[in-house]
Amino acid sequence: IFLSIPFLPGQLITLTVFYSQKTLANQFEYILTSTKEWNRPLQLASYIIKIPKDKQLTYLSLDYQKMQSQDNYQIYYISRSDFMPQENLKIIWKE
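Procedures and definitions
Residues numbered from 1 in each chain as written. Predicted model: local features only at pLDDT ≥ 70, side-chain atom pairs only at ≥ 80, totals over all residues. Heavy atoms only, no water. Helix = DSSP H or I, 4+ residues; strand = E, 2+ residues; numbered from the N terminus. Buried < 20%, exposed > 50% of the residue type's maximum accessible area, 1.4 Å probe, protein only. Areas by Shrake-Rupley, 256 points an atom, 1.4 Å probe, with all protein chains shown as cover. Lys, Arg positive; Asp, Glu negative; His and termini not counted. Charge placed at Lys NZ, Arg CZ, Asp CG, Glu CD. Pairing = 2+ DSSP bridges. Axes fitted to C-alpha atoms, helices over the stretch in contact; angles between N-to-C directions. Phe/Tyr/Trp six-rings, centres within 6.5 Å; stacked < 30°, edge-to-face > 60°. Lys NZ or Arg CZ within 6 Å of the ring centre and 35° of its normal. Salt bridge = Lys/Arg side-chain N within 4 Å of Asp/Glu carboxyl O.

A.B. asks: So, the overall build of the chain: which residues are in play, and what are the values?
C.D. replies: A count of helices and strands for the chain gives zero helices and six strands. Each of the three principal axes of the chain carries a C-alpha extent, and together these read 45 × 25 × 20 Å. Looking at the chain as a whole, 22% of its 95 residues qualify as buried. A total accessible area of about 7,800 Å² is found for the chain, and carbon and sulfur atoms account for 51% of it. Of the side-chain charges in the chain, 10 are positive and 8 negative, and the distance between the mean point of each set is 3 Å.

As structure tokens, this is what we get:
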């Protein structure tokens, strides 16, 4: 995914990205550590992880603040401010 969004220094923008991808294994990794190249943290980062109820989450690399059941999903909410990730978001589940 490549996005080019010009904005002025000091200008605040909000970007919402929805991402979905089929996986070949029971794991997923979303790259977060590229923020190190920016030499500044993300002011606010929010992630919503939806796991089908017929799967069992076995590992989530970031602590979540809230979990809820909705329809056929377990939903995990992760929110960070002044976030400088030291690792990527990793999710592992079993069938």
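A.B. asks: Report on unusual backbone geometry, specifying residues and quantitative values.
C.D. replies: Despite not being glycine, Asp71 shows a phi value in the positive range, around 55 degrees. With respect to the helices, strands and loops of the structure, Asp71 is situated in the loop between β4 (66–70) and β5 (73–83). A positive phi angle is found at Asp82, which is not glycine, with a value near 45 degrees. Among the secondary structure elements, Asp82 is positioned in strand β5.

A.B. asks: How would you sum up the sheet that holds strand β6 (residues 89–94)? Please name residues and give values.
C.D. replies: Two strands in a sheet stick together by hydrogen bonds in their backbones, pointing the same way (parallel) or opposite ways (antiparallel). Read across the sheet, three strands follow the order β1-β6-β3 without closing on themselves; strand pairing throughout is antiparallel. Pairing within the sheet leaves two strands with one partner each, and these edge strands are β1 (27–30) and β3 (56–60). In this sheet, adjacent strand axes meet at a mean angle of 20 degrees when their direction is disregarded. Summarising the sheet, β1 and β6 pair through four bridges and their orientation is antiparallel. Note that in β6 the partner of Tyr30 across the bridge is Leu89.

A.B. asks: How would you summarise the packing of aromatic side chains if you had to cite specific residues and measurements?
C.D. replies: A complete count under the given rule lists one aromatic pair for this structure. Centroid distance Tyr64 to Tyr76: 5.0 Å. Interplanar angle 75 degrees. Geometry classified as edge-to-face. Taken together, the residues Tyr64 in the loop between β3 and β4 and Tyr76 in strand β5 connect sequence positions twelve residues apart. Judged by its relative accessible area of 40%, Tyr64 falls in the partly exposed class. The positively charged end of Lys66 is found above the aromatic ring belonging to Tyr77, 5.1 Å away from the centroid. Against the face of Phe83 rests Arg80, its NZ or CZ located 6.0 Å from the ring centre.

A.B. asks: Could you give me a rundown of the pattern of salt bridges, with the residues and numbers involved?
C.D. replies: Counted under the stated rule, the structure contains two salt bridges. Put simply, Lys55 and Glu95 hold a salt bridge, and the shortest N to O gap is 2.9 Å. On the criterion of sequence distance, the pair formed by Lys55 in the loop between β2 (42–52) and β3 and Glu95 in the segment after β6 is long-range, its members being 40 residues apart. On the basis of relative accessible area, Glu95 is assigned to the exposed category, the value being 60%. Sharing partners across several salt bridges, the network here consists of Asp54, Lys55 and Glu95.

Limitation: the analysis is restricted to geometry and does not speak to function.
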